[in-house]
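Descriptive structure summary
Chain by chain, the residues:
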Amino acid sequence: MSSRSASRASSEAAPGTRRRGALAVLLLASFMGILDVLIVNVAAPSIQRDLHAGFADIQAVISGYVLAYAVLLTTGARLGDSYGHKRVFLLGALGFTTLSAGCAAAPSAGVLIALRLLQGMAAALMLPQVLALIQVIFPPDRRARPLALYGATLGLGAVLGQIIGGALIRADVFGLGWRSVFLVNVPIGLAVAACVPATLPKRGPAARHPLDIPGLLLTAVAMTLLIFPLVRGSADGWPGWVWPALTGSALALVALWFTERRRESAGGAPLVPPSLFRVPGFRIGLAIALIFYSGNYGLFLLLAYVFQDGLHLSPLASGIAFLPLGVGFAAASLASRRLTARYGSRVLLIGAGTMVIGYVVLLATLAPGPASSGPREALAMAPALLLSGAGQGFVSAPLIGVVLATVRREDAGAGSGIMLTANQLASSLGVAVLGALFVALLGADPQDSGAGLGEGDFTAALLGCSWALLALAAAVGFLARRLPRRGAERGSARPTGPAGSTGPTRRTGSTGPTAGSPGGR
């Protein structure tokens, strides 16, 4: 009897052990994804110098990855639903790792941009499966802690991305310079891929849906015609081709709307279900995501150039200068779960108010101009960055869960997929628009040695951009006040399953309720 009891206890303990191993693999992949975005920001000046690239090329290196990820994220989620989350996750992880090695060997800016686009596509296969697999592996009553750890992992990646990137460039291991920031993904990616067979569950697809090819093509055309002119336009003096491109983007979006509405009315599974946009809370949340993430990613890029080219900090010192921002973000992300349970969507208002205070402090710090050496000037910005990072954490961690609480449960899969796509699109827009504003205020390429730029020019340009960041934070607060505090709205949206599939029968979508919604509700 004792032997039989021991055997039964062992079998009951095994699922818990396996869950922990699976969670470690999924969080490591998430860490790699956020690390790859932020570590490149720190390396951007070094990449520009070594490859003799322009500022617009560096914007394309950063925003191209995010754009490819944004365009294909919902498709990647749908592929996970159709072919199995474990299989698609493994394919994405292997592709991401291989392309990271390719980026490290890139001989020119053009090749690097192309590889970053492909890397974004691989991320679109890998990362949407993380939340879906968390929902599959953990029952609802045990889901809150993994989701909280997921949010904390993103904050940790934000902190360590800057420091690891700076340390690698400073160490110049084997003379690799900036190339080591891509190679760091290789051992992480290989470890993730090696652990997948033993840790992730073997669960076949719930249903197989045909890909929405017209929706995918129209989304790609619309996003490309929107972002590319913003990235290249300022560098080329806003030539005539920019305006037809932007007009083409608008027309593609209109065509996408009508195409998806017709597909949904016919009972199909559209990539972007128009019915969700009838829910006021969802529309407001989408606007918040676009505004909020535009400011976040734009700020990361500007600070990298101000610290390294303006204040002449080393890449490592620049990474350390980012630390207050990351610490504030990570701490607030962990605290936001309890605040969300108590205050609902009002936690976003708290975050927006904290960001406003942080940017006001930053304006007050920058207004007198540089009065000391570069390191001391960076240290003077630390309180403002700590407050700004805390505000960002109070908004970022609960945002998707708060917004999904405004739509019906059966709409959560499609809604979260659209929200995550909007987040990535916003980061690309932020890099493009705030980068263009920064260059315009600076009056020259940040690394134009013949322009005679000094510390005062960089801090003045950041000062001007800080007014824009302040306005974006205030807009987040204004919109957050219009969100319902708790509960789902009974909108007129037609019931859809995860990733837009019709019917309410499938409850575990590829990008279902996320951190910020207790228990994954």
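Residue positions are given per chain, counting from 1 as you read along its sequence in written order. Under the rules for a predicted model, residues below a pLDDT of 70 receive no local features and side-chain atom pairs below 80 are neither given nor counted, while totals for whole chains, interfaces and linings still include all residues. The basis for the side-chain values is all heavy atoms of the structure; hydrogens and waters are excluded.

Keep this limit in mind: UniProt positions are given in the numbering used here, feature names are shortened, and annotations may be inferred rather than shown by experiment.
Going by the annotation in an unreviewed UniProt entry, the name recorded for the protein chain is MFS transporter, with Streptomyces fuscus given as the source organism. Taken from UniProt, the Subcellular location (unreviewed entry) comment for the protein chain reads in full: "Cell membrane".

Overview of the overall build of the protein chain
For clarity, the cut-off: The way it works is that DSSP assigns letters per residue, a run of H or I at least four long becomes a helix, a run of E at least two long becomes a strand, and they are numbered from the N terminus. Partly exposed describes any residue whose relative accessible area lies between the buried limit of under 20% and the exposed limit of over 50%, with all areas from a 1.4 Å probe on protein chains only and scaled to the type maximum. Two residues qualify as a contact provided that any one of their heavy atoms is within 4.5 Å of a heavy atom in the partner residue. Each accessible area is a Shrake-Rupley result for a 1.4 Å probe, and residues are judged covered by the shown protein chains and nothing else.
In terms of regular secondary structure, the protein chain is built from 18 helices and zero strands. Counting over 521 residues, the protein chain shows a buried share of 58%. Considering only contacts within the protein chain whose residues lie at least 6 apart along the sequence, 84% involve residues at least 24 apart. With the model as given, the accessible surface of the protein chain reaches about 19600 Å², and the carbon-plus-sulfur share is 66%.

Some remarks on helix α10 (residues 242–265)
Condition: What a helix should span is 1.5 Å times the count of its residues minus one.
In this model α10 runs 35 Å from its N-terminal to its C-terminal C-alpha over 24 residues, within 8% of the 34 Å that 1.5 Å per residue would give. Listing the buried residues of α10 in full gives Val242, Ala245, Gly248, Ser249, Ala252, Leu256, Thr259, Glu260 and Glu264. With its phi angle positive at about 90 degrees, Gly267 sits one or two positions after the end of α10.

With respect to the side chain of Thr199
To be explicit about the condition: Identification of polar contacts relies on pairs of N or O atoms within 3.5 Å, with a donor-acceptor requirement for protein atoms, meaning one able to donate a hydrogen and the other able to accept it, and with residues adjacent in sequence counted only if both atoms are side-chain atoms.
Here Thr199 shows up in helix α8 (residues 185–199). Overall, Thr199 belongs to the buried group, its relative accessible area being 14%. Within the structure, Thr199 has its side chain in polar contact with the backbone oxygen of Cys195 (distance 2.7 Å). Apart from the residues within four sequence positions on either side, Thr199 is in contact with Arg18, Gly21, Ala22 and Val25.

Points about the layout of surface pockets
Heads up, the condition is: A pocket here means an open set of points on a 1 Å grid, computed over the protein atoms alone, that has protein on both sides within 12 Å along at least five of seven lines. A cavity is instead a set of points where a 1.4 Å probe fits but cannot get out; residues with an atom within 4 Å of a point line either one. Grid points are joined across faces, edges and corners, and a volume is the space filled by probe spheres set on the points. Charged residues are taken to be Asp, Glu, Lys and Arg, nonpolar residues to be Ala, Val, Leu, Ile, Met, Phe, Trp, Tyr, Cys and Pro, and polar residues to be all remaining types, Gly included.
In this structure, the largest pocket encloses a volume near 470 Å³. Forming the boundary of the largest pocket are 20 residues, of which Leu253, Leu256, Val272, Phe277 and Ile418 lie nearest the centre. For the lining of the largest pocket, the elements supplying multiple residues, two or more each, are α2 (55–83), α9 (213–233), α10, α11 (280–310) and α17 (412–442). Considered class by class, the residues forming the lining of the largest pocket number 16 nonpolar, three polar and one charged.

Remarks on the environment of Ala332
Along the chain, the position of Ala332 falls in helix α13 (residues 323–343). A relative accessible area of 3% places Ala332 in the buried class. Ignoring sequence-local partners within four residues, the contact set of Ala332 consists of Ala390, Gly393 and Phe394.

Comments concerning unusual backbone geometry
The phi angle of most residues is negative, glycine excepted, and most peptide bonds adopt the trans form. Residue His52 is not a glycine yet carries a positive backbone phi of 50 degrees. Inspection of the secondary structure assignment puts His52 in the loop between α1 (2–50) and α2. With a phi close to 50 degrees, Asp172 is a non-glycine residue in the positive phi region. Tracing the chain through its elements places Asp172 in the loop between α6 (144–171) and α7 (180–183). The class for Asp172 is partly exposed, based on a relative accessible area of 36%.

What about the packing of α11 against helix α18 (residues 455–480)?
The line we're drawing: Under this scheme, a helix contributes an axis fitted over its contacting stretch, all axes are lines through C-alpha atoms, and angles between N-to-C directions fall in the 0 to 180 degree range. Here is the rule for angles: anything less than 35 degrees is roughly parallel, anything more than 145 is roughly antiparallel, 65 through 115 is roughly perpendicular, and the remaining ranges are oblique. Crossings are sorted by hand: turned counterclockwise from the far helix by less than a right angle, the near helix makes the crossing left-handed, and turned clockwise it makes it right-handed.
The interhelical angle for the contact between α11 and α18, taken along N-to-C directions, is 165 degrees, at an axis separation of 10 Å. Comparing the axis directions of α11 and α18 gives the class roughly antiparallel. Here α11 and α18 pass one another in a crossing that is left-handed. In terms of residue class, the contact of α11 with α18 is built from 19 nonpolar, two polar and two charged.

Re the nonpolar core
Our working definition: Residues enter a nonpolar core if they are buried and are Ala, Val, Leu, Ile, Met, Phe, Trp, Tyr or Cys, with the set joined through side-chain atoms within 4.5 Å.
Formed by 125 residues in total, the largest nonpolar core has its most connected members in Ile47, Phe89, Leu112, Phe182, Phe307, Met381 and Phe438. The residues contacting Leu112, other than those within four sequence positions of it, are Ile47, Leu51, Val61, Cys103, Ala106, Trp178 and Phe182. Grouped together as the second largest cluster of nonpolar side chains are eleven residues, Ala70, Leu230, Leu425 and Ala432 included.

Observations regarding the pattern of salt bridges
Quick reminder of the rule: Any Lys or Arg side-chain nitrogen located within 4 Å of an Asp or Glu carboxyl oxygen qualifies as a salt bridge.
Following the criterion strictly, the structure yields three salt bridges and no others. Across the pair Arg49 and Asp309 runs a salt bridge whose closest N-O atoms are separated by 3.7 Å. Taken together, the residues span a long stretch of sequence, with Arg49 in helix α1 and Asp309 in helix α11 at a distance of 260 residues. Exposure remark for Asp309: the relative accessible area of 13% places this residue in the buried category. Its salt-bridge partner being Asp50, residue Arg179 comes within 3.7 Å of it at the nearest N-O pair. Highlighted residues: Arg179 in the loop between α6 and α7 and Asp50 in helix α1, separated in sequence by 129 residues. Given the relative accessible area of 19%, Arg179 is considered buried. On the basis of relative accessibility, which here comes to 41%, the residue Asp50 falls in the partly exposed class.

Here we look at the environment of Gly393
Mapped onto the secondary structure, Gly393 falls in helix α16 (residues 382–404). By relative accessible area, which is 0% here, Gly393 ends up buried. Along the sequence, Gly393 and Ser336 sit 57 residues apart, while their C-alpha atoms lie 7.6 Å from each other. In this structure, Gly393 is in contact with Phe329, Ala332, Ser333, Ser336 and Pro398, ignoring residues within four places of it in sequence.

A look at the packing of α2 against helix α4 (residues 109–126)
Working note: a packed helix pair is described by the angle between its axes plus the distance between those axes. Closest axis-to-axis distance for the α2/α4 pair is 6 Å, and the angle between their directions is 25 degrees. Our classification of the angle between α2 and α4 gives roughly parallel. In the crossing of α2 with α4, the sense of the turn from one axis to the other is right-handed. Counting all contacts with α2, which are made through Asp57, Ala60, Val61, Ile62, Gly64, Tyr65, Ala68, Tyr69, Leu72, Leu73, Gly76 and Leu79, the residues of α4 involved are Ala109, Leu112, Ile113, Arg116, Leu117, Gln119, Gly120, Met121, Ala123, Ala124 and Leu125.

Overview of α4
Here α4 is 18 residues long and its end C-alpha atoms lie 25 Å apart, about the 26 Å a rise of 1.5 Å per residue gives. Those residues of α4 lying buried are Ala109, Leu112, Ile113, Leu115, Arg116, Gln119, Gly120, Ala122, Ala123, Ala124 and Met126.

Side note on the confidence of the model for the protein chain
It should be kept in mind that the predicted coordinates are not to be read in detail where pLDDT is low. Note the following rule: The pLDDT value expresses, per residue, how confident the predictor is, ranging between 0 and 100.
The predicted model of the protein chain averages 79 in pLDDT, with 81% of residues at 70 or higher. In this model residues 1–14 is a low-confidence stretch, pLDDT under 50, and it forms zero contacts with partners more than four residues away in sequence or in other chains.

Description of the packing of aromatic side chains
Both the distance between ring centres and the angle between the ring planes are used here to describe each pair of aromatic rings. The criterion, for reference: By convention, a stacked pair of Phe, Tyr or Trp rings (six-membered ring in the case of Trp) has centres within 6.5 Å and planes under 30 degrees apart, an edge-to-face pair has planes over 60 apart, and any other such pair is tilted.
Applying the stated criterion to the full structure yields nine aromatic pairs. Geometrically, the ring pair formed by Trp257 and Phe277 is edge-to-face, given 5.9 Å between the ring centres and 70 degrees between the ring planes. In this pair, Trp257 sits in helix α10 while Phe277 sits in the loop between α10 and α11, placing the two residues 20 residues apart along the sequence. On the basis of an interplanar angle of 65 degrees and a centroid distance of 6.4 Å, the ring pair of Phe300 and Phe322 is categorised as edge-to-face. Pair noted here: Phe300 is in helix α11 and Phe322 is in the loop between α12 (315–321) and α13, with a separation of 22 residues, a long-range link. Under the relative-accessibility criterion, Phe322 is labelled buried at 3%. By way of ring pairs, the aromatic residues Tyr297, Phe300, Phe307 and Phe322 are connected into one cluster.

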